[in-house]
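# A closer look at the structure
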Amino acid sequence: MTGTISRAAFSIGYAVTGGPWPGTMLELNFSGRALDRLADATGVPGGAAGLAAAAERPGPARDALTARVDELARHLVTCCLLLDPQRVVLVGGVAGSDLIRGLLVERLAAVLPYPPEVVLSRFADDAALLGAVVLAREAVPTPR
């Protein structure tokens, strides 16, 4: 083991969730695509955005989305207990939902002694692109 940070460090999308072992990655249950599939499965048009809009009201869409948010919140709580961050930055299109951010803030505040601020990245829509640029830069050997 070296003294460098793993390329997966601080990316909880790789967290194991569900069952049976090994389950699946959290990102496969809570991401734009995952919520698009959940919207289709619950008969809500408009993908993840439609699901978030439908979940503003009580009913099956809210129940389904809340179950996914709860799983994400469990992983965030564990990260917060280990790292004690002052701020959690959300990225991706799903993070733009006021409902989802509000539910996460409620859940963190309910169980953490020092809940962090939860904010949306200024680069929320470009997170994947920026990550690809960083990986590409790391893949090119540094001239000596």
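Here the structure is shown first, and the text comes after it.
Keep in mind that this is a model prediction, so the values were computed, not measured.

### Some thoughts on the pairing of strand S3 (residues 87-90)
- Side-chain alternation along S3 places Val88 and Leu90 on a buried face and Arg87 and Val89 on a face that remains uncovered.
- Note: S3 against strand S4 (residues 117-120), four bridges, orientation parallel. From the neighbouring strand, Leu90 faces S4, where its bridge partner is Leu120.
- The handedness of the S3 to S4 crossover, carried by helix H5 (residues 98-111), is right-handed.

### Details of the nonpolar core
- Membership of the largest hydrophobic core comes to 31 residues, with the highest contact counts inside it found for Phe30, Leu35, Leu51, Leu65, Val69, Ile100 and Leu104.
- At the level of secondary structure, the elements contributing two or more residues to this core comprise helix H2 (32-41), helix H3 (47-54), helix H4 (60-83), S3 and H5.
- By residue number, the principal contributor to this core is H4, which donates nine residues.
- The residues touching Leu104, leaving out its near neighbours within four places in the chain, are Val69, Leu72, Ala73, Leu76 and Leu90.

### Overview of the side chain of Arg101
- Along the chain, Arg101 turns up in helix H5.
- Engagement of the side chain of Arg101 in a polar contact is seen with the backbone oxygen of Gly96, the distance being 3.3 Å.
- For Arg101, the contacting residues outside a window of four places in its chain are Leu90, Ala95, Gly96 and Leu120.

### Side note on H2
- Among all positions in H2, only Ala34, Leu35, Leu38 and Ala39 are buried. An end-on view of H2 places all buried positions within 140° of arc, on one side of the element. Seen from the open side of H2, the exposed residues pointing more than 90 degrees away from its buried face are Arg33 and Asp40.
- Positioned one or two residues after H2, Gly43 has a phi angle of 75°, which is positive.

### Comments concerning the packing of H2 against H4
- Between H2 and H4, whose axes approach to 10 Å, the crossing angle comes to 150°. Regarding the angle of H2 to H4, the classification is roughly antiparallel. Remark: the crossing between H2 and H4 carries right-handed chirality. Every residue of H4 that contacts H2 at Ala34, Leu35 and Leu38 is listed here: Ala64, Leu65 and Arg68.
- Partitioning the contact of H2 with H4 into residue classes produces five nonpolar, no polar and one charged.

### Digging into the pattern of salt bridges
- All told, the structure shown has five salt bridges when counted by the stated rule.
- The salt bridge involving Asp98 is made with Arg101; its shortest N-O contact spans 2.7 Å. Within this pair, Asp98 and its partner Arg101 are both found in helix H5, separated by three residues, close to a single helical turn.
- When its relative accessible area of 19% is taken as the criterion, Arg101 is described as buried.
- Sharing partners across several salt bridges, the network here consists of Asp70, Glu106 and Arg107.

Conventions adopted
- Residues numbered from 1 in each chain as written.
- Predicted model: local features only at pLDDT ≥ 70, side-chain atom pairs only at ≥ 80, totals over all residues.
- Heavy atoms only, no water.
- Buried < 20%, exposed > 50% of the residue type's maximum accessible area, 1.4 Å probe, protein only.
- Helix = DSSP H or I, 4+ residues; strand = E, 2+ residues; numbered from the N terminus.
- Pairing = 2+ DSSP bridges.
- Right-handed = clockwise from strand over helix to strand, strands pointing away.
- Core = buried A, V, L, I, M, F, W, Y, C linked by side-chain atoms within 4.5 Å.
- Contact = heavy atoms within 4.5 Å.
- Polar contact = N/O pair within 3.5 Å; in protein donor to acceptor, adjacent residues only side chain to side chain.
- Arc of directions from axis to C-beta.
- Axes fitted to C-alpha atoms, helices over the stretch in contact; angles between N-to-C directions.
- Parallel < 35°, antiparallel > 145°, perpendicular 65-115°, else oblique.
- Left-handed = near helix turned anticlockwise from the far one by under 90°.
- Nonpolar A, V, L, I, M, F, W, Y, C, P; charged D, E, K, R; others polar.
- Salt bridge = Lys/Arg side-chain N within 4 Å of Asp/Glu carboxyl O.

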